[in-house]
Amino acid sequence: MRRTRARMADGRDLFYFDDTEPYLSGGASRAVPDTRDLPPVRTGSTMRFDVLTGEWVTIAAHRMDRTYLPPADHCPLCPTRPGREPSEIPAPDYDVVVFENRFPSFAQAIEEVPANVDGDTLWPQRPAAGRCEVVCFTSDHNTSFGALPVSRVRTVIEAWADRTAELSAMPGIEQVFCFENRGKEIGVTLEHPHGQIYAYPFVTPRTAQLITRAGSHRQRTGRDLLGDVLDAERKAGTRVVRAGENWTAFVPAAARWPIEVHLVPHRAVPDFPALDDDERDELADIYRDLLHRFNAFFGEEPPYIAGWHQAPVHTGRDLTRLHLQLFSLRRAPGKLKYLAGSESGVGAWINDVAPEHIAARLREVGP
């Protein structure tokens, strides 16, 4: 894999990750200028503290104007080719590309805001200083992540590792989250195969809760919580979907979503940069296989969210490890799982399907 850094017309960073010739060996240059006349990106994102939950809520009103489901010939994630207007990627083709989001929830250049909303100390607020990046998995607009060859999935993993390392080193960053939203039901606004990376200036609520639980478990037992969960799932076997030398995929015993799989490394690694080559190779194969199983489960490609949970940059790195949470909002072909009163109102989840049944079905539909 070869990494090349470039600049967009408005000064945003863009990175090419090449796995094919002539770019892989450097036989051709990625020095293609962005010819667009773009104004500097300006954001007014703020974070307000919710005193009722202890969580930060980000207000990013400028995102209301972001691009929404354009036709394929105006897709901003396709390469720039003759006969069409310039896109976010100046090159006429690419393998994998990562660039700074034009409509970020978190950004580096954000103006200061008053320390409190309405001057009341009950409601602290801060600039939403972080970074948001877009990951284009392929230049092919009409494909999907699950249809990529394993070699391309491996390149995406390298891109995730590269960006996680660089973003984690930025001042003020506390957590890096790589994810893919797939399908209009999820709220996707661009249909080109892509994901995102958020670099948060705080530890996210789910991760903070996991670290608290893992800390209590460590104090009580002296052991690693996620390691014990992995060992218990592998021992029971009833919810394991696939097990490899370095990774195990299973439906969690207390799954919230009708179809949900966790993919956990056997070694306690905090994030993508910590994975060795063998772990990355196997991950490329198993992750792609899981997406195929999701498709086979429904008989079509379902809407899904794939979230890669990584240890925070500075706190609790020894209490959690890298792992995937892959789930679909669909509970059956043509039917969605709606987060109604119990889930949305008070956070009390109700699942209509037994996790053991889902795991058995996912095993059946595999190769």
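Preceding block: the structure.
None of these values were measured; they are calculated from a predicted model.

A. Seen up close, the overall build of the chain. Assigned secondary structure in the chain consists of six helices and 16 strands. Against the compact-globule benchmark of 21 Å for 367 residues, the chain has a radius of gyration of 21 Å, which places it among compact chains. For the chain, the spread of C-alpha atoms along the three principal axes comes to 60 × 60 × 40 Å. The 367 residues of the chain split such that 50% are buried. With an accessible surface of roughly 16800 Å², the chain has 51% of that area assigned to carbon and sulfur atoms. Put simply, the chain has 43 plus and 51 minus side-chain charges, and the middle of one group is 3 Å from the middle of the other.

B. Just unusual backbone geometry, in detail. A cis geometry characterises the amide bond from glutamate 21 onward to proline 22, with omega recorded as 10°. By secondary structure assignment, the location of proline 22 is in the loop between strand E2 (13-18) and strand E3 (46-50). The phi angle at aspartate 118 is positive, at roughly 60°, despite the residue not being glycine. Take aspartate 118: it is sitting in the loop between strand E5 (96-100) and strand E6 (125-127). On the accessibility criterion, aspartate 118 (71% relative accessible area) is exposed.

C. Examining the nonpolar core more closely. Grouped together as the largest cluster of nonpolar side chains are 51 residues, with contacts concentrated most on Phe145, Trp160, Phe272, Tyr287 and Trp308. Per-element accounting of this core gives the leading share, nine residues, to helix H4 (residues 277-298). With residues up to four places along the chain from it excluded, the contact list for phenylalanine 272 reads Ile157, Trp160, Ala161, Thr164, Cys178, Arg280, Leu283, Trp308, Gln310 and Leu322. Core analysis: the next-biggest nonpolar cluster, separate from the first, contains 15 residues, Met8, Cys78, Tyr94 and Val134 among them.

D. Summary view of the environment of alanine 128. Along the polypeptide, alanine 128 turns up in the loop between E6 and strand E7 (131-136). Taking relative accessible area as the criterion, alanine 128 reaches 0% and is therefore assigned buried. Measuring from C-alpha to C-alpha, the distance between alanine 128 and isoleucine 59 comes to 8.3 Å, with 69 residues separating the pair along the chain.

E. Layout of the environment of threonine 43. By the secondary structure assignment, threonine 43 is in the loop between E2 and E3. A residue is classified by how much of its surface remains accessible, and threonine 43, at 12% relative accessible area, is buried. With 85 residues separating them in the primary sequence, threonine 43 and alanine 128 have C-alpha atoms 9.3 Å apart.

F. Here's a closer look at helix H2 (residues 205-221). Over its 17 residues, H2 runs 24 Å from end to end, which matches the ideal 24 Å to within 8%, given 1.5 Å per residue. For H2, every residue scored as buried is listed here: Thr207, Leu210, Ile211, Ala214 and His217. In an axial view of H2, the angular spread of the buried residues amounts to 130°, which keeps them on one side of the axis. Turned more than 90 degrees off the buried face of H2, the exposed positions are Gln209, Thr212, Arg213, Gln219 and Arg220. In this structure, the buried side of H2 is in contact with strand E8 (175-182), helix H3 (225-236) and strand E14 (323-328). Of the residues trailing H2, glycine 222 is marked for its positive phi of about 80°.

G. Expanded view of the sheet that holds E3. Taken in spatial order, the three strands line up as E4-E3-E6 in an open sheet, and their pairing is antiparallel. A single partner strand is all that each edge strand has here, and the edge strands are strand E4 (55-59) and E6. Within this sheet the neighbouring strands show an average axis-to-axis angle of 30°, counted without direction.

Here is what the cut-offs are and how they apply
- Throughout, a residue's number is its position along its own chain's written sequence, starting from 1.
- Confidence filtering applies because this is a predicted model: local features only for residues at pLDDT of at least 70, side-chain atom pairs given and counted only at 80 or more, and all residues used for totals across whole chains, interfaces and linings.
- Think of the side-chain values as coming from all heavy atoms in the structure, minus any hydrogens and water.
- Per the convention used, a helix needs a DSSP run of H or I reaching at least four residues, while a strand needs a run of E reaching at least two, with both numbered from the N terminus.
- Our radius of gyration is a C-alpha quantity, and the globule rule it is checked against amounts to 2.2 Å times the number of residues to the power 0.38.
- In this scheme, a residue with accessible area under 20% of its type's maximum is buried, one over 50% is exposed, and one in between is partly exposed, where area comes from a 1.4 Å probe on protein chains only.
- Working definition of accessibility: Shrake-Rupley area with a 1.4 Å probe, residue cover restricted to the visible protein chains.
- For the purpose of counting charges, residues Lys and Arg are taken to be positive, whereas Asp and Glu are taken to be negative. His and the chain ends are not included.
- By convention, the point assigned to a charge is CZ for Arg, NZ for Lys, CD for Glu and CG for Asp.
- As used here, the term nonpolar core means buried Ala, Val, Leu, Ile, Met, Phe, Trp, Tyr and Cys residues forming a set that is joined through side-chain atoms within 4.5 Å.
- Between two residues, a contact is recorded if the distance between any of their heavy atoms is within 4.5 Å.
- By definition here, a helix of n residues has an expected span of 1.5 Å times n minus one.
- By arc we mean the arc of the directions from the helix axis to the C-beta atoms, nothing more.
- For two strands to pair, DSSP has to find at least two bridges joining them.
- Note on geometry: axes are lines fitted to C-alpha atoms, helical ones only across the stretch in contact, with angles between N-to-C directions running from 0 to 180 degrees.

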